Structure formats: structure tokens, C-alpha cells
Amino acid sequence: MALSLRNFSAFSLLVLTLFLVGATAVMDVNETQHSRSDGNTMQLQSLNNSTMADRSSDEANTRNEQAVQDPDMVASMVDMSIRNSTERRKLGFFSCQTGNPIDDCWRCDPNWQSNRKRLADCAIGFGRNAIGGRDGKFYVVTDPNDYDAVNPRPGTLRHAVIQDEPLWIVFKRDMVITLKQELIMNSFKTIDARGVNVHIANGACITIQYITNVIIHGLHVHDCIPTGNAMVRSSPSHYGWRTIADGDGISLFGASHVWLDHNSLSKCADGLIDAIMGSTAITISNNYFTHHNEVMLLGHSDSYVRDKSMQVTIAYNHFGEGLIQRMPRCRHGYFHVVNNDYTHWEMYAIGGSADPTINSQGNRYLAPTDPNAKEVTHRVQLDNGQWKSWNWRSEGDLMLNGAFFTPSGVGAAASYARASSLGAKSSSMVGTITSSAGVLNCRRGQQC
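The sections below set out a description of the structure shown in this document. (Residues numbered from 1 in each chain as written. Predicted model: local features only at pLDDT ≥ 70, side-chain atom pairs only at ≥ 80, totals over all residues. Heavy atoms only, no water.)

1. Details of the overall build of the chain
The line we're drawing: In DSSP terms, a helix is any run of H or I states spanning at least four residues, a strand is any run of E spanning at least two, and both are numbered starting from the N terminus. Note on exposure labels: buried denotes an accessible area under 20% of the residue type's maximum, exposed denotes more than 50%, and partly exposed covers the range between, all computed with a 1.4 Å probe on protein chains only. For this analysis, residues touch if any pair of their heavy atoms sits within 4.5 Å.
A tally of regular secondary structure across the chain gives ten helices and 31 strands. Looking at the chain residue by residue over its 448 residues, the buried ones come to 52%. For the chain, the share of sequence-separated contacts (at least 6 apart) that also reach a separation of at least 24 residues comes to 64%.

2. Focus on the sheet that holds strand β21 (residues 318–319)
To be explicit about the condition: Pairing between strands is defined by DSSP: at least two bridges between them are needed.
If you walk across this open sheet you meet the nine strands as β3-β6-β9-β14-β17-β21-β25-β28-β31, and the pairing is parallel. In the strand order of this sheet, the two ends are held by β3 (175–177) and β31 (398–400), each with one partner. Here strand β17 (residues 288–290) pairs with β21 via two bridges, running parallel. When the sheet's bridge partners are listed, phenylalanine 289 is paired in β21 with phenylalanine 319.

3. Comments concerning the packing of aromatic side chains
Here the distance between the centres and the angle between the planes together describe a pair of aromatic rings. Definition in use: Pairing of aromatic side chains here covers Phe, Tyr and the six-membered ring of Trp, requires ring centres within 6.5 Å, and sorts the geometry by plane angle: under 30 degrees stacked, over 60 edge-to-face, intermediate tilted. Charge over a ring is defined by NZ of Lys or CZ of Arg lying within 6 Å of the ring centre and within 35 degrees of the ring normal.
On inspection of all chains with the given rule, the structure shows five aromatic pairs. Between tryptophan 390 and tryptophan 392 the ring centres are 6.1 Å apart and the planes differ by 35°, which places this aromatic pair in the tilted class. With a relative accessible area of 3%, tryptophan 390 lands in the buried category. Taken together through their ring pairs, the aromatic side chains of Phe289, Phe319, Tyr342, Trp345 and Tyr365 make up a single cluster. One residue, arginine 393, lies across the ring of tyrosine 416, its end atom 4.0 Å from the ring centre.

4. Let's talk about the sheet that holds strand β30 (residues 392–395)
What counts here: Simply put, an axis is a line fit to the C-alpha atoms, just over the touching stretch for a helix, and the angle between two N-to-C directions goes from 0 to 180 degrees.
In space, the ten strands of this open sheet follow the order β1-β2-β5-β8-β13-β16-β20-β24-β27-β30, with parallel pairing throughout. On the outer flanks of this sheet lie β1 (137–141) and β30, each paired with one strand and no other. Within the sheet, the average angular offset between the axes of one strand and its neighbour, ignoring direction, is 10°. Pairing analysis gives four bridges linking strand β27 (residues 357–361) to β30, with the strands arranged parallel. Across the sheet, glutamine 361 pairs through a bridge with glutamate 395, a residue of β30.

5. Thoughts on the environment of leucine 422
In this fold, leucine 422 is placed in the loop between α9 (413–417) and α10 (430–433). Here the alpha-carbon distance between leucine 422 and phenylalanine 126, two residues 296 residues apart in the chain, equals 8.6 Å. When residues no more than four places from it in sequence are discounted, the contact partners of leucine 422 are Ile124, Gly125, Thr313, Tyr316, His336 and Val338.

6. Brief notes about the nonpolar core
Across soluble globular proteins, nonpolar side chains have a tendency to be buried as a group. Heads up, the rule is: We call a set of buried residues a nonpolar core when its members are Ala, Val, Leu, Ile, Met, Phe, Trp, Tyr or Cys and they connect through side-chain atoms within 4.5 Å of each other.
Counting residues in hydrophobic clusters, the biggest one holds 66 residues, and the most contacted among them are Leu157, Phe171, Ile208, Ile216, Leu219 and Phe289. Leave out the neighbours within four places in its chain, and isoleucine 208 touches Met185, Val214, Ile216, Ile250, Ser251, Leu252, Phe253, Ala255 and Val258. Residues Ala120, Trp259, Leu422 and Ile433 belong to the second largest nonpolar core, which totals 21 residues.

7. Thoughts on the pairing of strand β8 (residues 212–217)
Burial analysis of β8 places six of its six residues in the buried class, the great majority of the element. Direction of pairing for strand β5 (residues 189–192) relative to β8: parallel, over a ladder of four bridges. Its bridge partner being in β8, lysine 189 is matched across the sheet by valine 214. Two elements, β8 and strand β13 (residues 256–261), share five bridges in a ladder whose sense is parallel. Bridge pairing links threonine 212 to serine 256 in β13.

8. Concerning the pattern of salt bridges
The condition is simple: Salt bridge, as used here, is a side-chain nitrogen of Lys or Arg placed within 4 Å of a carboxyl oxygen of Asp or Glu.
Inspection of the entire model under this criterion finds twelve salt bridges. Ionic pairing is found between aspartate 146 and arginine 158, a salt bridge with its closest N-O pair at 2.7 Å. Residue aspartate 146 is found in the loop between β1 and α8 (157–161), and its partner arginine 158 is found in helix α8; the two are separated by twelve residues along the sequence. When sorted by exposure, aspartate 146 lands in the same class as arginine 158, which is buried. Each of Arg116, Asp192 and Arg194 takes part in a single network of salt bridges with overlapping partners.

9. With respect to the state of the cysteines
Condition: Throughout, disulfides are identified as pairs of cysteine sulfur atoms within 2.5 Å of each other.
Using the criterion set out here, one finds three disulfides in the structure. A sulfur-sulfur distance of 1.8 Å marks the disulfide that ties cysteine 205 to cysteine 224. As the torsion about the S-S bond is roughly -80°, the cysteine 205-cysteine 224 disulfide counts as left-handed. Linking cysteine 205 in the loop between β6 (198–201) and β7 (206–209) with cysteine 224 in the loop between β9 (220–222) and β10 (230–235), this pair joins segments that are 19 residues apart in sequence. Accessibility classification places cysteine 205 together with cysteine 224 in one group, the buried group. We note that cysteine 268 lacks a disulfide partner, and the nearest cysteine sulfur, in cysteine 224, lies 3.3 Å from it. Judged by relative accessible area, cysteine 268 falls into the buried class, the value being 10%.

10. Some thoughts on a nonpolar patch on the surface
Which entries qualify depends on this criterion: Each patch is built from salt-bridge-free residues with over 30% relative accessible area, joining like charges within 9 Å and nonpolar side chains (Val, Leu, Ile, Met, Phe, Trp, Tyr) within 5 Å. Only the protein chains shown count as cover for residues, and the accessible areas themselves come from Shrake-Rupley with a 1.4 Å probe.
On the surface, a cluster of nonpolar side chains totalling about 350 Å² of accessible area is made up of Met231, Tyr239 and Trp241. Among the secondary structure elements, tyrosine 239 is positioned in strand β11 (residues 238–242).

11. Regarding the environment of glycine 438
Following the sequence through the fold, glycine 438 ends up in the segment after α10. Overall, the relative accessible area of 0% leaves glycine 438 in the buried class. Distance from glycine 438 to leucine 265, taken between C-alpha atoms, is 8.1 Å for residues 173 residues apart in sequence. Discounting residues that sit within four places of it in the chain, glycine 438 has contacts with His262, Asn263, Ser264, Asn286, Asn287 and Tyr288.

12. Things to note about the environment of lysine 267
Structurally, lysine 267 can be placed in the loop between β14 (264–266) and β15 (273–276). For lysine 267, a relative accessible area of 46% puts it in the partly exposed group. It is 5.2 Å that separates the C-alpha atoms of lysine 267 and histidine 292, two residues lying 25 residues apart in sequence. If we skip the residues at most four places from it in the chain, lysine 267 touches His222, Asp223, Cys224, Leu272, Thr290, His291 and His292.

Interpretation in functional terms is not warranted from these geometric data alone.
As C-alpha cells, then:
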């Protein structure tokens, strides 16, 4: 196969460089021999110039003799290095390793569209076991309309999400879907909008109620409004009366094993994401939140003790412009807030009541200019001093522009263990990790 001059030169330079590195490693075998106790293959190691200056010419001659005694080993190392480099390049190694473990799991693949279900193996945190519709067929949404909430037409999103069997739901083209009533999902569903531009907007939005195993990826969810006082179908065999919905973007009621990833949410009537009534095993990751007041509520009420078992991971999200409070606002339960970028809030970032455990690790908090809104945390309480026993901690967080986190509690190891779901990266990496938060611009045949 003919090579261009440019490719040939680059290839030649790579071979020459690797040959010299390999030869240097062999020349230095005496120096590295004493550090090997397990008999493994010799590690590559650069020469120390200051040590070389002190060595005798006899020692140098010995090393030179050893360097050419086994040329096959040098050639083998060069060949192995080239092959390894080539395989990594096929995976987009040089352009895709961002430090974000979710994205690095699948975004390197230029054939992601043919391997969509690989996404289900990439979840992290408390919702890591959510498989969505991985084990089912693909369902292609072809019609953006929402004609009838009781008898949805085939080809619509509503018809897809109510089915009993597992389904991986994708979209034929760009769509703006304005729902007449809540979109009530059934278990074992993935909504995957990669490769197209799909908005759930200007109507009702998404409800995940008393079901399990849901993945929602790549949706624009905005301008959701209250709806209700209507019949709505939730499965092929059931529909019922729905009272007024609050107008949340995505609502979880008694749901488990839910993963919300790479969505963009803004401007809803109530919360952008609410999880209440015993919901648990949830991961909220890589989302972009903007232009909203009460962003995220986790926990139904101070008196609803079933939420004491709630576990939620909030990771790699960007809390951006136009936000005011509740990022999140927690009750009871255990909450791991890790490697998020907080660039805007007007009142506070993280709040809570009813003794939640909040484990904040490796986040970047940029306080607003308002001198009265520098505190990251906010306790909602009835009795003075009660909050001092709540386990809230900050570890490795980066505080900017006067931001500060008020910790509390006795640091009970068991409590924080239940609020730990993954290893935190350094806060210095947050900008890179969250740089692609929100809906991705995925195109066929290219890395996403």
C-alpha cells in the first residue's frame, strides 16, 4: 500500500524514536535489574545523565555490548509499541480520554450508532445497575405528535414508553414533542436521542412512577407546564385519572435504578428533576442545568421517612447560568455530590432538611458576586442548632470567589460510606470532565 510522504515521515520518526527508547532501555539493564523482584519484563527507563558522567569507560563498553546482544528483543519491543499505539488510535485514545469515566466508556467509538446499547454498560454511581431497555428491541419514534394520551398511536414516543417489554427507544429525525399530558413511562426503557435534536417542550413532561430500570439520555427538556385532570395510559393494559402535575421536567415517584445522563434542562414550572416517595438507586450525570429557580428536589417531605433509604449520585453536571437554588435540596437519605461545576447560583447551591447525609467531593464552586450569597450550603430547619448533627462534609472541593461550605456532624464513617458511590477526581479536572455536559452533538461515523 502506498504511503504519502507525510505519513511515511511520521511513521519513520515513530519507529526511530521507539527504537532508540528500546535500545536505551536495554543499555540500562544493569541499572534496573536490582529493582525487579518479580521477574516481570524489563521496564523502559531513561538514562540519568549525571550518573553517566561518573561511570567509567569500561562500564560504558559493557552496556554497549549488552545493547546489541539481543537485537530481536529490541525489534519485538518496537513492534509491540507500534501495534499498541495503532490499536489505541483506532479507539480515539489521543482525543477521547477526558477523565470522565462515562464518556470515555463509549464516546471514543466512531461507530457508536451501531453500538448504542454499549451505553448501558457505562453508568456509574448509585444508578450504575440501571440497564434500561438493553435487553429489548429498538423502537424508532417517527411521529412527534401526542394525539391521544389514552390511545397513543404507534410511532409516537408515548406509544413507545408505555409498552411492557424492554425497549431501546431512538428517533428517526429531529423533533419537538409537545406532550398534552404527563409522559408516564413503563419499566426497562431507554430513551436515547443521540444523533438527533429532540426537545420535550412547551407541555407536560416525563414521569417515572413506581417503576424500575430507566435510562434517559440526550434530551432537551424545557418549558414544562402543569397539566392533569385527565385520563392517561401508563401501560397497554392500564390507564387512569391523573390529578394536576406540578410541571417538573423529570419526576421520579417511588422509582429505582434510574440514570439521567447528558440532558439539557431549563425553565420548567416546578423542578427540573424531582425524586421523591422512596425513589433510590439514582445517578444524575453529565447534565446541563440553566435558567431555573428550584433546580432539584430529592426527598418528599420532612415527615416522609421512607426517603431515609434514598441514595443519589450527582456527578459531572454543570449548574450554569440563571440558576437560583436547590442544586440539590435534600431530605433524609444519602447524597454523593461529586465533580460537578457550579458556576451560578443566587441563593445557595446545596440545601437540605431532616438530617440528610451530603458528601461533597471534588466539586468546583464559584460564588456569585453578592456578598450575602457566598455560602454553598443552606439548612432548612425548625429548631436552632439541630443541623449541627447532620453529616455534611466537603472534601477536595475548589472554592472560588469567596465560596465556602459549612460542614457539620461527627463524621460518622458508616454514614459517609452510604453516601459514597465512586472515586472523586481532583477538582482541578472539573472543567475538563464537565466540558461536554448537556446534550451532545453526535453525528454518524464520528466520535460523539
